[in-house]
Amino acid sequence: MDRYALLYNWLPDSGPMLDVGCGNGIYTSWLARKGEPVFGIDHHMGNLQWARTEFPDIGFCSANGEHLPFPDNYFNAVMCTEVLEHTSDDKSTLQEISRVTKPGGTLLLSTPHRGLFAFLDPDNCTNRGFDLLRKMRIPKPGGGRFFQNFRYDIHRHYSKTQLAALLDNDWQIEEVYYGGLLLYPIFYGVENLIDAFSKKRSYWMDLKTLRRLRAWDFSLRCGKLSYNIALKCRKL
């Protein structure tokens, strides 16, 4: 079982539903199999344009998690998967999700976990490499230094305790899933390399073996050693 299959099984059978950080909208379209209407928000205009073309029955809009353009107590379910760790303000994002979710509504939240191999996070490893080059102050032909203006944000990993503190008293955690160990970050790094050096995004490639192995790794229940954590929460 992969992360999206797990969250899909946790979804209630009625909308409205919201996908926070919907990307290209493919997984957002899965929500419509459970209930309508369905909405997706993202800040990447290229992804949104493609999503609107492919899934015209879903309401896609440009927004960030800290400012959701929806009324209070509107959604029966909200999915925020592998997004919270990228936000500028994780606390504000969860407060906004709480605001737009009905009492009794469902939040499906997944993030990288502060497990045994969190230090292998490919985003953080890559960025720290570039930052090391910046600190070496290597002169560039024609003036300046390589990567002198390079800056990056840490790809955050969370423990269950940290997520519970961010959720505060607005939510009751009903289910917790710890999954994945070592293969997950390795294969995520492989896909990052493909995206960096190939003309075609890894998502559109036939990487069945890689994805099956990653899904198998996600199915490993390694408890607090795990690389991933997912929560099913109910709005109080």
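Residues numbered from 1 in each chain as written. Predicted model: local features only at pLDDT ≥ 70, side-chain atom pairs only at ≥ 80, totals over all residues. Heavy atoms only, no water.

Enquirer: With reference to specific residues and values, describe the overall build of the protein chain.
Expert: Tallying secondary structure elements over the protein chain gives eight helices and seven strands in all. Looking at the protein chain residue by residue over its 236 residues, the buried ones come to 47%. Restricting to contacts in the protein chain with at least 6 residues of sequence separation, those with at least 24 account for 71%. Taken as a whole, the protein chain presents about 12300 Å² of accessible surface, with 54% of it coming from carbon and sulfur. Of note, the protein chain has its 29 positive side-chain charges centred 6 Å away from the centre of its 26 negative side-chain charges. (Helix = DSSP H or I, 4+ residues; strand = E, 2+ residues; numbered from the N terminus. Buried < 20%, exposed > 50% of the residue type's maximum accessible area, 1.4 Å probe, protein only. Contact = heavy atoms within 4.5 Å. Areas by Shrake-Rupley, 256 points an atom, 1.4 Å probe, with all protein chains shown as cover. Lys, Arg positive; Asp, Glu negative; His and termini not counted. Charge placed at Lys NZ, Arg CZ, Asp CG, Glu CD.)

Enquirer: Account for a nonpolar patch on the surface, with residues named and values stated.
Expert: On the surface, Phe 130, Phe 146 and Phe 147 cluster together into a nonpolar patch covering about 250 Å² of accessible area. Along the polypeptide, Phe 146 turns up in the loop between helix 5 (122-136) and helix 6 (160-167). (Patch = residues over 30% accessible without salt bridge, like charges linked within 9 Å, V, L, I, M, F, W, Y side chains within 5 Å. Salt bridge = Lys/Arg side-chain N within 4 Å of Asp/Glu carboxyl O.)

Enquirer: Kindly report on helix 8 (residues 208-219), identifying the contributing residues and their values.
Expert: Compared with an ideal rise of 1.5 Å per residue, which puts twelve residues at 16 Å, helix 8 spans 16 Å between its outermost C-alpha atoms and is within 8% of the ideal. Restricting attention to buried positions, one finds in helix 8 the residues Leu 210, Arg 214, Ala 215, Asp 217 and Phe 218. Each buried residue of helix 8 lies within a common arc of 160° when the element is viewed along its axis, so the set occupies one face. Those residues of helix 8 that are exposed and angled more than 90 degrees off the buried face are Lys 208, Thr 209 and Arg 212. (Expected span 1.5 Å × (residues − 1). Arc of directions from axis to C-beta.)

Enquirer: Would you mind going over the pattern of salt bridges in detail, with residue names and values included?
Expert: Opposite charge on two side chains permits them to pair, given that their charged atoms come into close proximity. Considering all chains together, one arrives at nine salt bridges under this definition. A salt bridge links Asp 13 to Lys 34; its shortest N-O distance comes to 3.9 Å. With Asp 13 in the loop between helix 1 (3-10) and strand 1 (17-20) and Lys 34 in the loop between helix 2 (26-31) and strand 2 (38-42), this pair connects stretches of sequence that are 21 residues apart. Overall, the relative accessible area of 17% leaves Lys 34 in the buried class. The shortest N-O distance in the salt bridge between Asp 131 and Arg 134 comes to 2.8 Å.

These results come straight from atomic positions and should not be treated as a statement about function.
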